[in-house]
2 protein chains.
Amino acid sequence: MLTPYVTVDADVLDANLRSMAERAAARGLALRPHAKTHKSPEIARRQLALGATGLTVATVSEAEVFRDAGDVFIAYPIWPSPEQTARLRALTGQVNLRVGVDSAESAEALGRAVPGLEVLVEVDSGHHRSGVAPEAAGAVAVAADKAGLTVRGVFTFPGHAYGPGRQSLAVADESAALSEAAAALTAHGLDASVRSGGSTPTAGLAGGTLTEMRPGVYVFGDAQQVELGTCGWDQVALTVTATVVSRSGQRFIVDAGSKVLGADQQAWATGGGRLLDCPEARITALSEHHATVVLPDGHDVPSLGERLRVVPNHVCATVNLADELIVVTGGEVVDRWPVTARGANT
Amino acid sequence: MLTPYVTVDADVLDANLRSMAERAAARGLALRPHAKTHKSPEIARRQLALGATGLTVATVSEAEVFRDAGDVFIAYPIWPSPEQTARLRALTGQVNLRVGVDSAESAEALGRAVPGLEVLVEVDSGHHRSGVAPEAAGAVAVAADKAGLTVRGVFTFPGHAYGPGRQSLAVADESAALSEAAAALTAHGLDASVRSGGSTPTAGLAGGTLTEMRPGVYVFGDAQQVELGTCGWDQVALTVTATVVSRSGQRFIVDAGSKVLGADQQAWATGGGRLLDCPEARITALSEHHATVVLPDGHDVPSLGERLRVVPNHVCATVNLADELIVVTGGEVVDRWPVTARGANT
């Protein structure tokens, strides 16, 4: 096979899916995995078979791809332009649809666009992206209710968990923000029965006020999760197979760059990804088609032409750059899954 | 149109193409633009019509897409696996093909795989990626010649020009490295008539020993080039149109994130991209579908639903995430160009 290519180990994947399903069940939480990570109907099917209550997606396009799931939450503050309105209306006839809302103005526009649409109010629990402050959630919910939307609760993304040692703090923030927001809805006589949060780094700690969690990355794992300590090397299901094309001293180049791996690199990352079979190596630079790898002195540098498995920093970016996933079991290729929702950004 | 989408202003594009063609002609340099940036046969056709001597590409797949250019240089140290060998042999019958080589071992393998193939020896001029030290270029060239390859000269990528104030130094390094390497080839009686370098940040300074330059990004410009001072706002031809979906104080969110823009962000960048119509704004964070934008106090925050043009940091990544480019002239959509070489990574 020509390198670089993206491989999924089906055994590791299935173990990851089972493990998260069991974790959610043990905590009494609904599991609504985020399909943005895998973008693959085959993996969605497995998640649902293991008890997921539905899927989370980020865009209307993704909701369209995953409509067969039957129950889809677009965890995003959708603005209902005329084109989006038409698509949302079509979807409501095909799937149990729920979307995010984070302002009275959006709620009014959504209510005019898609009367009766189910919404969760997005709360900012510390990531400071979209979402309202917990104390403002009541006003948004009231506006949504007045606009004719069906308020079902609140959600947040504790994205500030993405840093070493930050998970416990983020989980506490998430729980406090959702509790306060849900109480505000209840005080206005509105339904707050859904309190949705969670992410792969916080999934092991989730609890408190949550009723639902939405992890995405756990299906594959990635170098970020390994470096955060929220996943082991044996839980990494997706790698990019790459060929050594150049070498000089302890430095060598493989042919998987940012156009395959993605360029995501948090300030705390050790480099541009990792090598599954050589944890000591560091990817010191990524160009579009080069990963520059450095080995400590004393480690044998691989030969030209040798193939290595690269673990991307952020697997969601890697999948979105691929047309298909090569599925292996015991090292043998057993299937190819299309990345059906690749580029589904609208 | 549904946002986010990628727009190319054809007038700005054409001005950029003409300007670089004139610059190369004025300096007596062959212009071999890097097609990795645009991945579009329509733009390649325009480059060739304006006098480009051929194209540069990064992969064999890209060479296949651009074979109609007639003359293609794969500026990459290709390792000839059996599958690559078959493709390279097929290409040599279809196009004037040249590839990079940076070791005696690769040269021997390439010579066995594709006898007679034209090669340029890759030299490391300071970027420390692939390429041999200038003083080692002679030995690689001799090995290539002995292996039955056709040595035509040397090339380098002065990637260390990608930093504020580094362009002059990188150009001096490039010129010195290519001079030394070419002299080594000549001393062994080998052809060093091609001395190929250059990049968009160094194109304005290129000269010295160079016979050919290979800029890529100049066709579109991007936020990196603006922040390096190597392109003006009026030379930015490609933007991503995005919708304001959330706002809070001086902060707002648009629906173009890293899955559309790419996640490239050099340490010296001011953020995750820029807004074409508001240079004072800063993109303080990029998620997959959110760009978090902050405006200075006193600047009016755009309304929910308003559409803005985002300039990506690194346009090559943006193009590789798109299926098509929406072509506009005077604000009117006049065409759609497919990104034919999107994902052509092998």
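What counts, and at which threshold
Residues numbered from 1 in each chain as written. Chains lettered and ligands numbered in written order. Predicted model: local features only at pLDDT ≥ 70, side-chain atom pairs only at ≥ 80, totals over all residues. Heavy atoms only, no water. Contact = heavy atoms within 4.5 Å. Buried area = accessible area lost by both parts, 1.4 Å probe. Salt bridge = Lys/Arg side-chain N within 4 Å of Asp/Glu carboxyl O. Polar contact = N/O pair within 3.5 Å; in protein donor to acceptor, adjacent residues only side chain to side chain. Helix = DSSP H or I, 4+ residues; strand = E, 2+ residues; numbered from the N terminus. Nonpolar A, V, L, I, M, F, W, Y, C, P; charged D, E, K, R; others polar. Least-squares fit on C-alpha atoms with pLDDT ≥ 70 in both. Buried < 20%, exposed > 50% of the residue type's maximum accessible area, 1.4 Å probe, protein only.

Draft legend 1. Local environment of the interface of chain A and chain B. The partner chain B presents 55 residues to the 55 residues of chain A that form the contact. Both sides together, the interface formed by chain A and chain B hides about 4,400 Å², and carbon and sulfur atoms give 52% of it. For the pair chain A and chain B, the number of links is seven salt bridges. Across the salt bridge formed by D323(B) and R342(A), the nearest N and O atoms sit 2.9 Å from each other. Counting across the interface, chain A meets chain B through 22 residue pairs in polar contact (both at pLDDT 80 or more). If you list the elements that add at least two residues to the side of chain A that touches chain B, you get strand 4 (71-77), helix 4 (82-92), helix 5 (104-113), strand 10 (238-248), strand 11 (251-254), helix 9 (258-261) and helix 10 (315-320) of chain A. In terms of residues, the side of chain A that touches chain B owes the most to one element, strand 10 of chain A, which gives four residues. A breakdown of the residues in the side of chain A that touches chain B according to their chemical character gives 17 nonpolar, 21 polar and 17 charged.

Draft legend 2. Main features of the relation of the copies chain A and chain B. Of the transformation superimposing chain A on chain B, the axial component is 0.0 Å and the angular component is 180 degrees, with the fit at an RMSD of 0.0 Å. Taken together, the rotation and translation describe the operation of a two-fold axis. Across chain A, the rotation axis passes nearest the C-alpha of A263(A), at a separation of 2.6 Å. In this assembly the copies share their binding face: 100% of the residues contributing to the interface of chain A also contribute to that of chain B.

Draft legend 3. Helix 6 (residues 137-146) of chain B, seen in detail. Residue and element names in this part refer to chain B. All of the buried residues along helix 6 are A137, G138, V140, A141, A143 and A144. Each element contacted by the buried residues of helix 6 is listed here: strand 5 (96-101), helix 5 (104-113), strand 6 (118-122), strand 7 (150-155) and helix 7 (167-187). Phi for G148, located one or two positions after helix 6, is positive at around 95 degrees.

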